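One-letter residues, chain by chain:
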Amino acid sequence: MPPNAEISRRHTTNVVDDLNDDHDDVATTTRAATRTFKNNEICIDGIIYDLTNFQHPGGDSINMFGGNDVTVQYKMIHPYHTTKHLEKLRQVGVVEGYKSEYAFDTEFEREIKAEVFKIVRRGREFGTPGYFFRVLCYVSLAFYLQYRWMMGPTSYTLATVYGVALAMIGLNVQHDANHGAASRKVWINDLLGFGADMIGGCKWLWMEKHWTHHTYTNHKDKDPDGFAAEPVVLFNDYSASSDKRSWMHPFQAFYLVIVLAGYWHSAVFNLAEVFELKDRGAQHVGMKMENDWITNRGKFALALRLTYITCNIVVPFARGGLNWDTFFHINVMGIAGSLALGLLFTLSHNFENADRDPTVEFRRTGKPVCWFKAQVETSSTYGGTVSGWLTGGLNFQVEHHLFPRMSSAWYPLIAPKIREICKKHDVKYAYYPWVWQNMISTLKYTHQIGNASHWHGNPFKGET
């Protein structure tokens, strides 16, 4: 179910009323609750706010979400905020009878925050000197290898190393930055965030999809990552009789790696999507992306993508000639980067006993579920500090989903305390000492999903 449809479905007889009669530019008549929000409006806890002329301290990327219910996004990104902070925004309406699937300020959340904020003081949750040293190393290596790649000659060895080096930018540089976690200075996050474009992606498309994924992790209807590989690979645990299933899915664990290897090919040449700047996955789950902020950036996104294609595909052909060796070198570069990124991202939420339907209790009883608990039980953590240096802290996926706007440099320090609190509250925390153990669990999970075996006595089967 799309996020905005959640409001429409429940409140077809209610209305949205104007709260600011003293503003001439806001309609004073009642408006049907089934309407979509205007492109300059957001909804938080049933209150509709106007973003026009709002100077957001964290940068103008807030405008990306214009036209949507961003209740969970707001609370996820602003762990310190209270309702007082929202007084800076102009209220223009309410959604009567509004109710969220997720609960915040639960006992579990309060204890997690209290203990973590003793370790990482407010205002210090951004990148450390060690983090920026690693950024310098990874960026320098990538630029050096790109120079070698463009000046030629290309080779299979260079292609492999260069592809992995670009993946390291995705893991260690752009990821923190596009979460607003690298620095408290907006321009530094913006600059490093363009690392996504350096590796053949798109900063703004990534933010549209990835922030939606964080908001609704493993949600059966709203997590775009759950649908990303369909119809070839299923990650959502559909019923055994679902028409989503086909003859090939019982074998998906055997061809999963092949599918992941093709990520680069499917992403780099999606020029129409880049120009429109409307991520198909986020659109699929109901996010509205029609606002001017997104539209105005399409031409810049396209220019960056064409620059990437020129540097990494056109130039090698121009210097090395139109031959099969250059063709295969380019493809090996793309495959190496795809596997380095795809394998690690796939581990994060697809493993044995992962909660694939965290809001099932809400549908059954109408009682909102703890968002913090849902993040823990839909994510996994493996390894330790060294793994964090190599993966940008994404091995600490539980910690990252609890505090997505905290730099990955802090995750090794807060992980032990989070595990302790989870054990106290009987919250399932999935930890694997080694990455290969997580990989095996992921392959088993993928096989079980493909065979619908979770529908035989598994408590995480995903549908009522």
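Residues numbered from 1 in each chain as written. Predicted model: local features only at pLDDT ≥ 70, side-chain atom pairs only at ≥ 80, totals over all residues. Heavy atoms only, no water.

Participant: Explanation requested: helix α14 (residues 298–320) in the structure shown.
Facilitator: Since one α-helical turn is 3.6 residues long, residues separated by three or four positions face the same way. Counted at 1.5 Å a residue, the expected span for α14 with its 23 residues is 33 Å, and the 32 Å between its end C-alpha atoms agrees. Two residues or fewer after α14 comes glycine 321, characterised by a positive phi angle close to 90°. (Helix = DSSP H or I, 4+ residues; strand = E, 2+ residues; numbered from the N terminus. Expected span 1.5 Å × (residues − 1).)

Participant: Is there a simple way to explain the environment of glutamine 397 in this structure?
Facilitator: Its location among the elements puts glutamine 397 in helix α19 (residues 397–402). The class of glutamine 397 is buried, set by a relative accessible area of 4%. For the pair glutamine 397 and isoleucine 44, spaced 353 residues apart in sequence, the C-alpha to C-alpha distance is 26 Å. Separated by 3.5 Å, the side chains of glutamine 397 and histidine 349 make a polar contact. Here the side chain of glutamine 397 touches leucine 394 through a polar contact of 2.8 Å, landing on its backbone oxygen. (Buried < 20%, exposed > 50% of the residue type's maximum accessible area, 1.4 Å probe, protein only. Polar contact = N/O pair within 3.5 Å; in protein donor to acceptor, adjacent residues only side chain to side chain.)

Participant: What exactly am I supposed to notice about the sheet that holds strand β4 (residues 47–50) here?
Facilitator: Sheet strands pair via backbone hydrogen bonds, and the direction of the pair is either parallel or antiparallel. Reading across from one edge, β5-β3-β4-β6 is the order of the four strands in this open sheet, with mixed pairing throughout. Among the strands making up the open sheet, the edge pair consists of β5 (68–69) and β6 (90–94). Relative to β6, β4 is paired through four bridges, and the arrangement is antiparallel. Bridge pairing in β6 places aspartate 50 opposite arginine 90. (Pairing = 2+ DSSP bridges.)

Participant: For this particular structure, what's the right way to read the packing of aromatic side chains?
Facilitator: How two aromatic rings sit relative to each other is set out by the distance from centre to centre and by the angle between their planes. On inspection of all chains with the given rule, the structure shows 15 aromatic pairs. Pairing phenylalanine 104 with tryptophan 371 gives two aromatic rings, centres 5.6 Å apart and planes at 25°, and the pair type is stacked. Here tryptophan 371 lies in helix α17 (residues 371–377) and phenylalanine 104 lies in the loop between β7 (102–103) and α3 (107–119), a separation of 267 residues in the sequence. Comparing phenylalanine 104 with tryptophan 371, the two get one shared label, buried. Look at tryptophan 149 and tyrosine 162: their rings are 5.5 Å apart centre to centre, the planes differ by 35°, and that puts the pair in the tilted class. Of the two residues, tryptophan 149 sits in helix α4 (residues 129–151) while tyrosine 162 sits in helix α5 (residues 156–178), which places them 13 residues apart along the sequence. Members of the aromatic cluster, connected to one another through ring pairs, are Tyr80, Phe104, Phe117, Trp371, Phe372 and Phe403. Here the guanidinium or amino end of lysine 203 rests over the ring plane of phenylalanine 194, the centre of that ring lying 5.4 Å away. A cation sits over an aromatic face here: arginine 419 above tyrosine 431, 4.2 Å from the ring centre. (Phe/Tyr/Trp six-rings, centres within 6.5 Å; stacked < 30°, edge-to-face > 60°. Lys NZ or Arg CZ within 6 Å of the ring centre and 35° of its normal.)

Participant: Looking at this structure, I do not really get the nonpolar core. What am I missing?
Facilitator: Most often, soluble globular proteins keep nonpolar side chains buried together rather than apart. Core analysis: the largest hydrophobic core is formed by 64 residues, its most contacted members being Phe108, Phe403 and Ile418. Tallying contributions element by element places helix α20 (residues 411–424) first for this core, with six residues. When residues no more than four places from it in sequence are discounted, the contact partners of isoleucine 418 are Ile112, Val116, Val398, Glu399, Leu402, Phe403 and Tyr429. Core analysis: the second largest hydrophobic core is formed by 41 residues, Tyr131, Leu158, Phe351 and Ala354 among them. (Core = buried A, V, L, I, M, F, W, Y, C linked by side-chain atoms within 4.5 Å. Contact = heavy atoms within 4.5 Å.)

Participant: When you look at a nonpolar patch on the surface in this model, what are you seeing that I'm missing?
Facilitator: A grouping of Tyr156, Trp324, Phe327 and Phe328 is seen on the molecular surface, where their side chains present a nonpolar patch of about 460 Å² in accessible area. Top element by residues in the nonpolar patch is helix α15 (residues 324–347). It accounts for three residues. With respect to the helices and strands, tryptophan 324 occurs in helix α15. (Patch = residues over 30% accessible without salt bridge, like charges linked within 9 Å, V, L, I, M, F, W, Y side chains within 5 Å. Areas by Shrake-Rupley, 256 points an atom, 1.4 Å probe, with all protein chains shown as cover. Salt bridge = Lys/Arg side-chain N within 4 Å of Asp/Glu carboxyl O.)

Participant: Please clarify how the pattern of salt bridges should be interpreted in this entry.
Facilitator: Charged atoms that come close allow side chains of opposite charge to pair. Applying the stated rule across the entire model yields 18 salt bridges. Of the charged contacts, one joins glutamate 276 and arginine 280 as a salt bridge, the two residues approaching to 3.3 Å between their closest N and O atoms. In this structure glutamate 276 comes out as partly exposed when scored by relative accessible area, which is 37%. Accessibility expressed as a relative area gives 40% for arginine 280, which makes it partly exposed. The salt bridge involving lysine 417 is made with glutamate 420; its shortest N-O contact spans 3.3 Å. Here glutamate 420 and lysine 417 lie together in helix α20, a separation of three residues that amounts to about one turn. On the basis of relative accessible area, glutamate 420 is assigned to the partly exposed category, the value being 49%.

That is the geometry; function is a separate question.
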